[in-house]
Structures are given as structure tokens and as C-alpha cells.
Amino acid sequence: VQLQASGGGLVQAGGSLRLSCTASGRTFSEYHIGWFRQAPGKEREFVAAISYNGGKTHYADSVKGRFTLSRDNIKNTVYLVLNRLEPEDTAVYYCAADMTWDTLVLGQRDPEIWGQGTLVTVSS
């Protein structure tokens, strides 16, 4: 599986964006997908994760209630909708895949597969 993230851009505070993580390969539906972000000068942090079948999601406290994950296994795509964006959400957003849920959510090790990042810039 290879991942490609897209959908980033410049948006004003309070606005919305939809990020996509599109996969190539026939085993996409076997992987849990996570989103991470890295702001300038800061360490990478977990944002959200969705289970292989979309039945379970988990969000970082900082985005809970504002960001929403969904997936379409027919289209091999995971969507992350970012609502009520804040300047603190400015970062490069990466999607990642792993067959172990705790790897994404607990950060026990690096996920197996990473996509390239997409930049989200929120102006105040």
C-alpha cells in the first residue's frame, strides 16, 4: 500500500478543509489509518485514527469535536474534515497506515506506511 495525502491549503480561522488520504494497492481495507501533524519547530503529534472498517475512530483531545474522520474502502480513501480551524492547527498533516490499532493511537512504534504531507495553514 502507498498513501498520498492531499487537500491542504490556506484558510482563515474558523474555516474548514477536507483532507484526503488515498491509497494504491488492494490491501487498503486491511489497514487502520491515522493522521498526524507536525507544526514548525514542534514534534509530530497524533491527530486522529480510523479502524480498517471505519467502525472505530479516535481523536486527540485538541481536535475532538472539530475534526471528523471517515473512510471509503471502495475508493481507497480516508477523509479528515477539519472544522472550526484555529491558527494552532497550522502544520503539515501526514496520513499513515498500520495493521495494529495501538501503533497509531498509542505511538508504540512508527506506523508501517507513511504518505507525504499536505500543508494546512490557518490565518488569524
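Look a little higher up for the structure.
Residues numbered from 1 in each chain as written. Predicted model: local features only at pLDDT ≥ 70, side-chain atom pairs only at ≥ 80, totals over all residues. Heavy atoms only, no water.

Draft legend 1. Fine view of the packing of aromatic side chains. Enumeration according to the criterion identifies three aromatic pairs in this entry. Here the aromatic rings of Phe36 and Phe46 are separated by 5.8 Å at their centres, their planes lie at 75 degrees, and the arrangement is edge-to-face. Here Phe46 lies in strand S5 (residues 45-50) and Phe36 lies in strand S4 (residues 32-38), a separation of 10 residues in the sequence. On the basis of relative accessible area, Phe36 is assigned to the buried category, the value being 7%. Classification of Phe46 as buried rests on a relative accessible area of 17%. Among the aromatic residues, those joined into a ring-pair cluster are Phe36, Phe46, Tyr94 and Trp114. (Phe/Tyr/Trp six-rings, centres within 6.5 Å; stacked < 30°, edge-to-face > 60°. Helix = DSSP H or I, 4+ residues; strand = E, 2+ residues; numbered from the N terminus. Buried < 20%, exposed > 50% of the residue type's maximum accessible area, 1.4 Å probe, protein only.)

Draft legend 2. Focus on the environment of Thr57. Within the secondary structure, Thr57 sits in strand S6 (residues 57-59). Separated by 24 residues in sequence, Thr57 and Ile33 have C-alpha atoms that sit 9.7 Å apart. Those residues in contact with Thr57 that lie beyond four places of it in its chain are Ala49, Ile50, Leu69 and Trp101. (Contact = heavy atoms within 4.5 Å.)

Draft legend 3. How the structure looks around the side chain of Arg71. By the element assignment, Arg71 lies in strand S7 (residues 67-72). One buried charged residue, Arg71, forms no salt bridge at all, with the nearest opposite charge on Asp72 at 8.3 Å. At 2.9 Å, the side chain of Arg71 forms a polar contact with the backbone oxygen of Tyr31. Not counting chain neighbours up to four residues away, the residues in contact with Arg71 comprise Phe28, Ser29, Tyr31, His32, Ile33, Ile50, Ser51, Tyr52, Asn53, Gly54, Thr77 and Val78. (Lys, Arg positive; Asp, Glu negative; His and termini not counted. Salt bridge = Lys/Arg side-chain N within 4 Å of Asp/Glu carboxyl O. Polar contact = N/O pair within 3.5 Å; in protein donor to acceptor, adjacent residues only side chain to side chain.)

Draft legend 4. Focus on the sheet that holds strand S8 (residues 77-82). As summarised here, the arrangement of the four strands in space is S1-S3-S8-S7, forming an open sheet in which the pairing is antiparallel. Here the strands that pair on one side only, and so sit at the sheet edges, are strand S1 (2-6) and S7. The average angle at which neighbouring strand axes cross in this sheet is 15 degrees, direction not considered. With five bridges joining them, S1 and strand S3 (residues 17-24) adopt antiparallel strand pairing. When the sheet's bridge partners are listed, Ala5 is paired in S3 with Cys21. (Pairing = 2+ DSSP bridges. Axes fitted to C-alpha atoms, helices over the stretch in contact; angles between N-to-C directions.)

Draft legend 5. The pairing of strand S9 (residues 91-98), seen in detail. The buried fraction of S9 amounts to six of the eight residues, a majority that puts the element mostly inside the structure. By the bridge criterion, seven bridges tie S4 to S9 in an arrangement that is antiparallel. Across the sheet, His32 pairs through a bridge with Asp98, a residue of S9. Inspection of the sheet shows S9 paired to strand S11 (residues 118-123) by three bridges, in the antiparallel sense. Along S11, the bridge assignment pairs Ala91 with Val120. In this structure, S9 lies alongside strand S10 (residues 113-114), joined through two bridges in antiparallel fashion.

This is a description of form; function is not addressed.
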